[in-house]
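Report on the structure
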Amino acid sequence: MGACLVAALLVAAPVVVTVVQAAQGGFSVAGSAIGSTSTLTLLLHSIEVAAVATPICAVLGVGTAWFVERTTLPGGRLWAVLVVAPLTIPPFVTSYAWANLGPSFQGFVGAAGIIAFSYYPIVFLLVAVALRGLDPALEETGRSLGLSGRGTFFRVVLPQLRPAIYGGMLLVVLDALVEFDAFVGLKFQTFSFDVYAQYQLGFSTSGAAALSFASIALCVILLFGEARLRGHANYTRVSQGARRLAARYTLGRSTVPVIAVLAAVVAISVGIPVGMLVRWFAESSNAALSSAGGNLSYLLPATLTSVEIGVVAAVLGILLALPVAVAVVRHRGPVVTVLERTMYLSFALPDLVGAIALAYLASHWLHFLYGSFVLLVFAEAILFVPFAVVALRATFGQIEPSLEESARSLGSGQLASFWRVTLPLARPGLVAALVLVFTFTLGDLSTTQVLLPVNLYTLGTEFYSNSSTVAFAAAAPFAAVLIALAMAAAYLLMSRFGTVRALASR
Amino acid sequence: MADLECRDIRKAYGERVVLAGVDLTVAEGTLTAILGSSGSGKTTLLRIVIGFVVADCGTVSIGGKLAADAGRMYVPPDKRAIGYVAQEGALFPHLTVAQNVGFGLPRAQRKLGSRIAEALDLVGLDRSYADRRPHELSGGEQRRVALARALAPRPALVLLDEPFSGLDAALRGDTRAAVLGALAGAGTTAALVTHDQGEALSMGREVAVLRNGRLVQTAAPETLYRTPADLDLARFVGDAVVVPGVARGGTVACTFGTLAVHGELVAGAVAVMIRPEQIRVVRTADGGGVPARIVGLSFYGPESVLQMELADASATAVTARTFDGTGAETGDEVRLLVEGTVATYRAADAKPDEGGEAATAAAS
């Protein structure tokens with residue numbers, strides 16, 4: 001419990017600092033920043049994007065999860081990787097790809113489309129885990145009571161998926177409200193853009209902080225709203241005896257239409273960024289390529305730096321998430337709920353504001369951290385810790401408490417039981433959590449730009465500086481490495497997320 | 001080896017009282033079966049003994065050493081040296097059989113492996129099982145591995161939580177014998193929790209019956225079966241035929257004539273409790289007996305259970321368990337004789353009609 005508290009305090013630190021900053025700026029600054037009509041318009045933009053994209057995510061996520069997990073889809077595992085892949089592709093890469101499609105994709109359509117098609121895998125992953133945990137006997141009972149296949153899905157399966165769907169939608173909404181990286185290539189301006197402008201133009205941190213009040217309020221309302229909505233839904237399976245494996249339904253005549261729809265989804269979500277990359281390589285004249293050749297010497301150091309930041313941030317993220325993830329599946333209660341919800345507070349601030357808050361904190365009280373690698377990885381870790389919590393929770397929820405009890409009765413202490421039984425079983429979930437934090441860190445731009453030590457550069461920053469100066473040929477290699485890493489991450493994610501080290505030897 | 005002593009264990013979850021003052025003693029080297037219907041608090045009691053649940057009140061002592069007292073834990077579960085076999089076995093799915101069995105052993109012994117082999121022998125599992133994974137085992141084999149795992153560290157006390165539930169009859173018998181053999185072989189003190197009367201009576205040196213959070217009777221199986229503390233208990237431990245009677249001295253007069261009474265003697269109006277196997281069903285009137293009519297019949301192979309009504313005005317329902325029920329049919333007129341001695345209870349307890357129904361329900 002103490003470890004949970006420390007983790008929660010660390011994650012909440014940027015929010016607290018931001019509130020203090022805003023208060024220091026005085027009410028007049030805050031008032032004028034919040035009160036300007038452009039702020040309200042931009043805030044509405046963000047809310048509109050979230051409102052449109054989130055339901056699409058839910059439908060795409062549930063639909064893909066059902067067909068990949070529960071039907072005899074030809075090429076099942078390949079589809080699973082392709083469906084997860086959009087989540088691991090850096091949002092700023094996707095952003096430029098959509099912008100390249102044409103002006104009509106640089107506005108609201110592009111913004112909502114990027115969010116919907118980049119973040120539906122969150123819903124997919126959570127729902128896929130929930131589907132694996134369903135007792136097939138319930139569906140059979142539904143059929144025996146006279147429900148059709150469709151009726152069983154809507155009246156038996158879907159209600160049981162509700163906690164997973166709400167959980168996924170919550171992450172998407174929260175992310176959409178403060179998203180910045182995914183819109184860098186577009187001409188569409190959102191709330192985070194306003195914050196960014198405040199920060200860039202006036203270098204007014206207190207104005208930016210004051211604006212964040214809006215997102216903090218929205219985030220807290222959503223977090224506790226979802227907790228109430230979910231109510232007592234239980235993630236831990238209470239099963240006794242052997243549970244049969246869920247049967248897969250044969251698609252039959254629907255095989256072709258289903259594959260067509262899935263292919264369309266993949267074409268939009270993965271095809272657009274990959275297609276852009278191919279076009280950049282193909283269209284770049286030799287001259288441009290050769291001039292870009294000079295840039296290639298940056299490729300290896302940038303990759304190494306990115307991976308280094310990603311790995312350290314991932315490990316830190318796991319350490320922060322682990323106590324809370326364990327607590328939330330083992331001891332339910334109001335205190336644990338508040339601590340768990342706190343872990344999502346990094347969504348309360350636009351990335352930029354969170355990063356500034358940490359920089360402020362370091363410059364005032366922890367000067368040795370200011371501008372250091374440590375501060376950067378720490379910022380990335382707390383930024384993406386919610387995803388680590390979600391991944392760990394999905395796995396720990398499947399490990400029966402009786403196993404730990406058996407270990408205790410055999411003389412292992414609490415820590416020893418965790419180390420010898422729970423951790424080995426949860427290994428796939430740990431890998432999934434590591435991969436999630438790693439890839440999100442790799443695909444992060446705003447925080448990296450603010451906190452990156454001066455002498456370092458990453459794949460993301462190099463890509464951004466080149467593509468914002470329309471040096472696409474120069475940007476392409478960096479994007480290529482990012483997408484290659486993203487695909488590997490997608491493979492690891494889909495095979496590990498929410499699984500317990502299997503009973504069956506594979 | 002150690003004895004187990006629980007004093008005045010109380011536990012409530014909010015308003016719901018699960019245990020309302022339980023005293024339980026398990027003597028060194030013996031097995032006590034804790035019998036209770038589902039929801040009677042028996043698993044909670046077990047979890048308090050091992051230390052997974054802390055009681056609101058009361059003490060748990062193991063081998064004379066105080067483990068928990070009045071809501072405070074003195075010895076954590078891992079230091080109590082209690083072997084525990086969970087209801088579902090709870091084998092570690094990521095470990096082989098040998099690794100599971102060796103889990104509680106010190107590292108050196110784990111490597112050596114001789115104790116692991118011994119433990120497998122103890123539960124009657126072939127050593128070739130050592131490298132298998134839990135999911136490759138049948139239900140009965142899983143229970144045996146769970147038991148071997150619990151016994152391997154030579155615990156002073158073993159707790160078994162419904163260890164045979166969900167096993168089919170044949171497997172249940174084999175596993176039960178293996179468990180009893182292993183416990184006796186190691187001379188281990190044990191407590192077993194079950195809702196199965198037959199299992200409790202056949203396995204326990206003593207049987208403790210838990211009802212509504214209290215132990216209503218703790219006794220040797222035969223005592224419990226022949227002289228249960230009250231009529232409800234009589235019906236819970238087995239089928240019972242209950243008729244009114246008048247007791248005087250060591251006998252009681254009832255529809256079945258004058259019968260000898262065992263156990264506590266009560267004078268005056270009483271309820272007479274007769275076990276179905278004490279009732280002999282005869283076809284002819286030569287030997288006397290009480291006339292009755294067969295109203296239902298269940299054939300179990302070696303034995304038959306007959307449901308009958310007395311031919312008198314009371315039409316009391318009577319269940320009999322007989323080995324020569326062949327040829328009997330519903331509607332047959334028979335005569336009933338009672339053999340052996342019977343138990344009596346003060347008449348306030350007597351509910352003859354309900355008793356008959358309960359007996360029928362329990363037999364089905």
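Cut-off values and rules
- Residues numbered from 1 in each chain as written.
- Chains lettered and ligands numbered in written order.
- Predicted model: local features only at pLDDT ≥ 70, side-chain atom pairs only at ≥ 80, totals over all residues.
- Helix = DSSP H or I, 4+ residues; strand = E, 2+ residues; numbered from the N terminus.
- Buried ≥ 20, exposed ≤ 12 C-beta atoms within 10 Å, placed from the backbone.
- Contact = placed C-beta atoms within 7 Å.
- Pairing = 2+ DSSP bridges.
- Axes fitted to C-alpha atoms, helices over the stretch in contact; angles between N-to-C directions.
- Nonpolar A, V, L, I, M, F, W, Y, C, P; charged D, E, K, R; others polar.
- Domains from an automatic or database assignment.
- Expected span 1.5 Å × (residues − 1).
- Core = buried A, V, L, I, M, F, W, Y, C linked by C-beta atoms within 7 Å.
- Bend = angle between axes of the 7 residues up to and from the residue.
- pLDDT = per-residue confidence, 0-100.
- Parallel < 35°, antiparallel > 145°, perpendicular 65-115°, else oblique.
- Left-handed = near helix turned anticlockwise from the far one by under 90°.

Once that is clear, we can look at the overall build of chain B. Within chain B, the secondary structure is distributed over 10 helices and 21 strands. Per-residue burial over chain B gives 45% buried out of 364 residues. Considering only contacts within chain B whose residues lie at least 6 apart along the sequence, 67% involve residues at least 24 apart.

We now examine the overall build of chain A. Along the backbone of chain A there are 20 helices and 0 strands. Counting over 506 residues, chain A shows a buried share of 52%. Counted over contacts in chain A with a minimum sequence separation of 6, partners at least 24 positions apart contribute 85%.

Residues and elements named next belong to chain B. Here 5 strands make up an open sheet; going across it, the order is 14-13-12-15-21 and the pairing antiparallel. Lying at the two open borders of the sheet, with one neighbouring strand each, are strand 14 (257-260) and strand 21 (343-346). Sheet twist, expressed as the mean angle between neighbouring strand axes with direction ignored, is 40°. Two elements, strand 15 (residues 268-274) and strand 21, share 4 bridges in a ladder whose sense is antiparallel. Each residue of the ladder has a partner; that of Met-273, found in strand 21, is Ala-343.

All names here are of chain B. In the sheet, strand 12 (residues 241-248) pairs with strand 15 via 7 bridges, with the strands oriented antiparallel. Bridging from a neighbouring strand, Val-241 pairs with Ile-274 of strand 15. Sheet topology note: the strand 12/strand 13 (residues 251-254) ladder contains 4 bridges and is antiparallel. When the sheet's bridge partners are listed, Val-246 is paired in strand 13 with Ala-253.

This paragraph deals with the interface of chain A and chain B. Between chain A and chain B, the contact holds 21 residues from the first and 21 residues from the second. Elements represented by at least two residues in the side of chain A that touches chain B include exactly helix 16 (401-409) and helix 17 (414-442) of chain A. Here the side of chain A that touches chain B gets 7 residues from one element, more than from any other, and that element is helix 16 of chain A. Of the residues assigned to the side of chain A that touches chain B, the class counts are 8 nonpolar, 9 polar and 4 charged.

Attention now goes to the domain arrangement of chain B. Accessible area lost on assembly of the parts is the figure often given for the size of an interface. What the domain assignment lists for chain B is domain 1 (4-223) and domain 2 (238-363). Using C-alpha coordinates to define each centre, domain 1 of chain B is positioned 38 Å away from domain 2 of chain B.

Our next topic: the sheet that holds strand 5 (residues 65-69) of chain B. Residue and element names in this part refer to chain B. Read across the open sheet, the 5 strands follow the order 2-1-4-5-6; overall the sheet is antiparallel. Sheet topology places strand 2 (16-26) and strand 6 (72-73) at the edges, where each strand pairs with a single neighbour. Pairing of strand 1 (residues 4-13) with strand 4 (residues 57-62) involves 5 bridges; the strand directions are antiparallel. Along strand 4, the bridge assignment pairs Leu-4 with Ile-62. Across the face of the sheet, helix 1 (residues 42-50) comes into contact with strand 1, strand 2 and strand 4 while running at roughly 120° to strand 1.

A few words now on the environment of Leu299(A). Residue and element names in this part refer to chain A. Among the structural elements, Leu-299 can be located in helix 12 (residues 299-330). A residue is classified by how many C-beta atoms lie within 10 Å of it, and Leu-299, with 15 of them, is partly exposed. In contact with Leu-299, other than residues within four places in its own chain, are Pro-477, Phe-478 and Val-481.

Below, the discussion takes up unusual backbone geometry. All names here are of chain B. The phi dihedral of Arg-154 is positive, around 50°, even though this residue is not glycine. Its location among the elements puts Arg-154 in the loop between helix 5 (139-151) and strand 8 (157-161). Its identity is not glycine, yet Asn-212 carries a phi of approximately 50°, on the positive side. Its location among the elements puts Asn-212 in the loop between strand 10 (206-211) and strand 11 (214-219). The class for Asn-212 is partly exposed, based on 14 C-beta atoms found within 10 Å.

For helix 20 (residues 472-496) of chain A, which comprises 25 residues, the first-to-last C-alpha distance of 35 Å matches the rise-based estimate of 36 Å (1.5 Å per residue) to within 8%. Phi for Gly498(A), located one or two positions after helix 20 of chain A, is positive at around 70°.

Grouped together as the largest cluster of nonpolar side chains are 279 residues, with contacts concentrated most on Ala321(A), Ala388(A) and Val437(A). Taken domain by domain, this core gets at least three of its residues from each of domain 1 (4-223) and domain 2 (238-363) of chain B. Once residues lying within four places of it in the same chain are set aside, the contact partners of Ala321(A) are Met343(A), Val385(A), Ala388(A), Val389(A), Leu392(A) and Ala433(A).

This part is about the environment of Thr316(B). Residues and elements named next belong to chain B. Position of Thr-316 relative to the elements: it lies in the loop between strand 18 (304-310) and strand 19 (317-322). C-beta crowding within 10 Å serves as the criterion here: with 21 such atoms nearby, Thr-316 is assigned to the buried category. In this structure the C-alpha to C-alpha distance between Thr-316 and Val-242, which are 74 residues apart in sequence, comes to 8.7 Å.

For the rest of this paragraph, the subject is helix 15 (residues 373-396) of chain A. Roughly 50° is the biggest bend found in helix 15 of chain A, and it falls at Phe384(A), with proline Pro386(A) one to four residues downstream. Counting buried positions along helix 15 of chain A gives 22 out of 24 residues, so the element sits mostly inside the fold.

Here we take up the confidence of the model for chain A. Taken residue by residue, chain A gives an average pLDDT of 81. The fraction at 70 or more is 88%. Predicted confidence for residues 234-242 of chain A stays below pLDDT 50, and this span has 11 contacts to residues more than four positions away or in other chains.

Once that is clear, we can look at the pairing of strand 16 (residues 279-282) of chain B. All names here are of chain B. Of the two faces of strand 16, only the one carrying Ile-279 and Val-281 is buried; Arg-280 and Val-282 on the other face are not. Taken together, the 4 bridges between strand 16 and strand 20 (residues 333-338) define a ladder with antiparallel strand orientation. The partner of Val-282 across the bridge, within strand 20, is Arg-335.

Residues and elements named next belong to chain A. Taken N-terminus to C-terminus, the directions of helix 4 (residues 91-101) and helix 10 (residues 255-283) make an angle of 80°; their axes are 9 Å apart at the nearest point. When the axis of helix 4 is compared with that of helix 10, the two are roughly perpendicular. In contact with Val-93, Thr-94, Tyr-96, Ala-97, Trp-98, Asn-100 and Leu-101 of helix 4, helix 10 contributes Ile-272, Pro-273 and Met-276. The residue makeup of the contact of helix 4 with helix 10, split by class, is 8 nonpolar, 2 polar and no charged.

Next up on the list: the packing of helix 10 of chain A against helix 20 of chain A. Residues and elements named next belong to chain A. Between helix 10 and helix 20, the shortest axis-to-axis distance is 9 Å and the interhelical angle comes to 140°. One way to sum up the angle between helix 10 and helix 20 is to call them oblique. The two elements helix 10 and helix 20 meet at a crossing, and its hand is left-handed. Across the interface between the two elements, Pro-273, Val-274, Leu-277, Trp-280 and Phe-281 from helix 10 touch Phe-472, Ala-473, Ala-476, Ala-479, Ala-480 and Ile-483 from helix 20. Classifying every residue of the contact of helix 10 with helix 20 by side-chain character gives 11 nonpolar, no polar and no charged.

Residue and element names in this part refer to chain B. Mean pLDDT for chain B: 84, with 94% of residues reaching 70 or above. When mean pLDDT is compared element by element in chain B, strand 3 (residues 31-35) scores highest at 93, while helix 10 (residues 352-363) scores lowest at 40. Between residues 349-364, whose pLDDT stays under 50, and residues either more than four places distant or in other chains, the model counts 35 contacts. Predicted complex metrics record ipTM = 0.70 and pTM = 0.77.

Residue and element names in this part refer to chain A. In this fold, Asn-466 is placed in helix 19 (residues 459-467). C-alpha of Asn-466 to C-alpha of Leu-138: the two residues are 328 residues apart in sequence and 55 Å apart in space. Ignoring anything within four residues of it in the chain, the contact list for Asn-466 reads Ala-471, Ala-474 and Ala-475.

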